Amino acid sequence: MSQPTTNTAHTLGNNTNINKKPAHFERSDHQRVVITGMGAITPLGLDVDTTWQRLIAGESGIKPITHFDASTYRAQFAGTIEDFDVSQFMAAKEARRYDAFIHYGVAAASMALKQAGYIEQVSAEPAPVKNVDANRFGVIIGAGIGGLQTLEDNRDALANQGIRRVSPFTLPGAIINMAAGMVAIKHNLRGPNLATATACTSAAHAIGLAARLIAYGDCDVMLAGGSEKGSSPLGMSGFGAMGALSTRNDDPTRASRPFDKDRDGFVLGDGAGVLVLESLAHAKARGATILAELAGFGMSDDAHHITAPPTNGDGAARAMMMAIQDAGIDPCEIGYINAHGTSTSAGDVAESRAIEGLFEACKDKLLVSSTKSMTGHLLGAAGAIESIFSIQALLEQTVPPTINLDNVDEKCHLDYVANTARLVNDLTYTMSNSFGFGGTNGSLIFARWTD
């Protein structure tokens, strides 16, 4: 395959326009967007705090698959969810109708709403939001593949038991937008209701687009994020057939090893992450506790290949550059990047080259890590939980590590915070990167809240 003739990363790194604030940068408090709540279901824990504590301790959430017989599969392990009780968030009869990715999305959204103060407690009962105009409260929750397990189960029922055994909830229980729909129904959110389906960039795009709906004035508050349950037989066999998954079956906790020269593919993860975004004016008016500000958002496409990035990371660099321009900051003000870092041969190198070129003036001081080394790759939910990690890094002034990084690939030349979390004292901006099949890219910049 022919390679680009221009060293794009180097060109971007010397772009004289990158530090100029765009004309729209001077935003009013109604256009500035802040985060006031977060919820997560991950392979490391069933809430944000547990997940974060295990993350900074460098623990792995990867384990052998037990919910089906994977003994003949190329990859027999994943970042699955354990001990999750859906009855805390949905009535049992209702939960049976819907795929687990919807369960996870509803749970993460409820936790985020509780932290933000819009509901008093998390429960299985309907919980309309309080003290807010529900007509101006919307939802965007994305997914990369949606309810695979539900589709598989009903296809098996059709083949083995006949048409009468196919559930009338086969399609409503599996379609990607139903996580956002169920959240809106449960909490009486009558504003914009959308779902992004941009592969592994779904959640990052959901968060960025939600912020723009607020800034444009279409709503005051948005729940935004992603949810995924890809560790079904079809999901595991499909990714396995591509040769995309690690096959380190004898040592699953060490299988996800971004930027390590011995990496052999990514590890699938399940879960959800949801954030409450609202205009600064709205948050101030109700006296909300602000966790961080969403300062910048950028998107691009590689236009190169359905799964592989260009070797110089051009698309990734352009998404990061646009996020920086949107934030109106100097690249060197960003102290930490939560990398897409999937532990694939081509992807890790391309992202590293993009970062090296764009942050050429300060790359020696920049911290970069891939938390997928501990959670696995949550596909359409990855950008949401990694945004949460980027915000937690600002709140705790702690950068999570890249575990299993024993021998850095000689093509990767950054500080990847190998194996041990790093305490810092001047972290002001963090970036979260997400890149997906089809070449779609998204970057988010979060700012430490000090007012």
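Just above sits the structure.
Remember, predicted model here, so these are calculated numbers, not experimental data.

### Regarding the overall build of the protein chain
Argument step 1. The secondary structure content of the protein chain amounts to 13 helices and 14 strands.
Argument step 2. By the compact-globule yardstick of 22 Å for 451 residues, the protein chain fits well, its C-alpha radius of gyration being 21 Å.
Argument step 3. Counting only C-alpha atoms and orienting by the principal axes, one finds that the protein chain spans roughly 65 × 55 × 40 Å.
Argument step 4. A burial count over the protein chain gives 60% of its 451 residues as buried.
Argument step 5. Counting only contacts in the protein chain whose residues sit at least 6 apart along the sequence, the fraction spanning at least 24 positions is 79%.
Argument step 6. When the accessible surface of the protein chain is split by element, carbon and sulfur atoms take 49% of a total near 17,500 Å².
Argument step 7. Across the protein chain, 35 positive and 47 negative side-chain charges occur, with their mean positions spaced 4 Å apart.

### With respect to the packing of helix H10 (residues 314-327) against helix H11 (residues 345-358)
Argument step 1. Where H10 meets H11, the axes come as close as 8 Å, and the angle between the chain directions of the two elements is 45°. Classified by the interaxial angle, the pair formed by H10 and H11 is oblique. Crossing of H10 against H11: the hand is right-handed. Contact with H10, carried on its side by Ala316, Ala317, Met320, Met321 and Ile324, involves Ala354, Ile355 and Leu358 of H11 and no other residues of that element.
Argument step 2. Split by residue class, the contact of H10 with H11 holds eight nonpolar, no polar and no charged.

### As for the state of the cysteines
Argument step 1. Taken as a whole and judged by the stated rule, the model has one disulfide.
Argument step 2. The disulfide bridge from Cys332 ends at Cys362, spanning 2.2 Å between sulfur atoms. The chirality of the disulfide connecting Cys332 with Cys362 is left-handed, given an S-S dihedral of about -95°. Note that Cys332 is positioned in the loop between H10 and strand S9 (334-338) and Cys362 in the loop between H11 and strand S10 (367-369), a separation of 30 residues in sequence.
Argument step 3. In this structure Cys332 comes out as partly exposed when scored by relative accessible area, which is 38%.
Argument step 4. A disulfide-free cysteine, Cys200 has its sulfur positioned 19 Å from the sulfur of Cys412, the nearest such atom.
Argument step 5. Residue Cys200 is classed as buried on the basis of its relative accessible area of 10%.

### Some details on the packing of aromatic side chains
Argument step 1. Under the definition given, this model contains eight aromatic pairs.
Argument step 2. On the numbers, 5.3 Å between centres and 80° between planes, the contact of Phe239 with Phe266 is edge-to-face. With Phe239 in helix H8 (residues 233-241) and Phe266 in the loop between H8 and strand S7 (271-279), this pair connects stretches of sequence that are 27 residues apart.
Argument step 3. Residue Phe239 is classed as buried on the basis of its relative accessible area of 12%.
Argument step 4. Look at Phe266 and you get buried, because its relative accessible area is 6%.
Argument step 5. Here the aromatic cluster, defined as three or more aromatic residues joined through ring pairs, consists of Phe84, Phe89 and Tyr104.

### Points about unusual backbone geometry
Argument step 1. Residue Asp83 is not a glycine yet carries a positive backbone phi of 65°.
Argument step 2. Classification of Asp83 as exposed rests on a relative accessible area of 73%.

### As for the nonpolar core
Considering soluble globular proteins, one finds that nonpolar side chains tend to be buried as a cluster.
Argument step 1. Ile35, Met38, Ile207, Leu275, Leu277, Leu294 and Ile391 are the most contacted members of the largest nonpolar core, which totals 45 residues.
Argument step 2. Of all the elements in the fold, those that place two or more residues in this core are strand S1 (33-41), helix H2 (48-56), helix H7 (202-216), strand S6 (221-228), S7, strand S8 (292-301), helix H13 (382-396) and strand S14 (440-448).
Argument step 3. Apart from residues no more than four positions distant in its own chain, Ile391 is found in contact with Ile35, Met38, Leu275, Leu291, Ala292 and Phe446.
Argument step 4. Core analysis: the second largest hydrophobic core is formed by 40 residues, Tyr104, Ala109, Val132 and Ala134 among them.

### A few points about the packing of helix H4 (residues 100-116) against helix H6 (residues 178-187)
Argument step 1. Interhelical geometry of H4 versus H6 gives an angle of 45° and a closest axis separation of 9 Å. Here H4 is positioned oblique relative to H6, judged by the angle of their axes. Read as a crossing pair, H4 and H6 show a hand that is right-handed. Residue-level contacts link Phe101, Ile102, Gly105, Val106, Ala109, Ser110 and Leu113 of H4 to Met178, Ala179, Met182, Val183, Lys186 and His187 of H6.

### What about the pairing of S14?
Regular strands show a simple pattern: their side chains alternate between the two faces of the sheet.
Argument step 1. With eight of its nine residues buried, S14 lies for the most part within the structure.
Argument step 2. Of the strand pairs in this sheet, S8 and S14 are connected by nine bridges, and their pairing is antiparallel. The residue bridging Met299 from the neighbouring strand is Gly442, located in S14.
Argument step 3. Two elements, strand S13 (residues 429-436) and S14, share eight bridges in a ladder whose sense is antiparallel. Among the inter-strand pairings, Gly436 is bridged to a residue of S14, identified as Thr440.
Argument step 4. In this structure, the hairpin formed by S13 and S14 is closed by a connection of three residues, where Gly438 is found at a positive phi of approximately 85°.

Basis of the calculations
Residues numbered from 1 in each chain as written. Predicted model: local features only at pLDDT ≥ 70, side-chain atom pairs only at ≥ 80, totals over all residues. Heavy atoms only, no water. Helix = DSSP H or I, 4+ residues; strand = E, 2+ residues; numbered from the N terminus. Rg over C-alpha atoms; globule rule 2.2 N^0.38 Å. Buried < 20%, exposed > 50% of the residue type's maximum accessible area, 1.4 Å probe, protein only. Contact = heavy atoms within 4.5 Å. Areas by Shrake-Rupley, 256 points an atom, 1.4 Å probe, with all protein chains shown as cover. Lys, Arg positive; Asp, Glu negative; His and termini not counted. Charge placed at Lys NZ, Arg CZ, Asp CG, Glu CD. Axes fitted to C-alpha atoms, helices over the stretch in contact; angles between N-to-C directions. Parallel < 35°, antiparallel > 145°, perpendicular 65-115°, else oblique. Left-handed = near helix turned anticlockwise from the far one by under 90°. Nonpolar A, V, L, I, M, F, W, Y, C, P; charged D, E, K, R; others polar. Disulfide = S-S within 2.5 Å. Phe/Tyr/Trp six-rings, centres within 6.5 Å; stacked < 30°, edge-to-face > 60°. Core = buried A, V, L, I, M, F, W, Y, C linked by side-chain atoms within 4.5 Å. Pairing = 2+ DSSP bridges.

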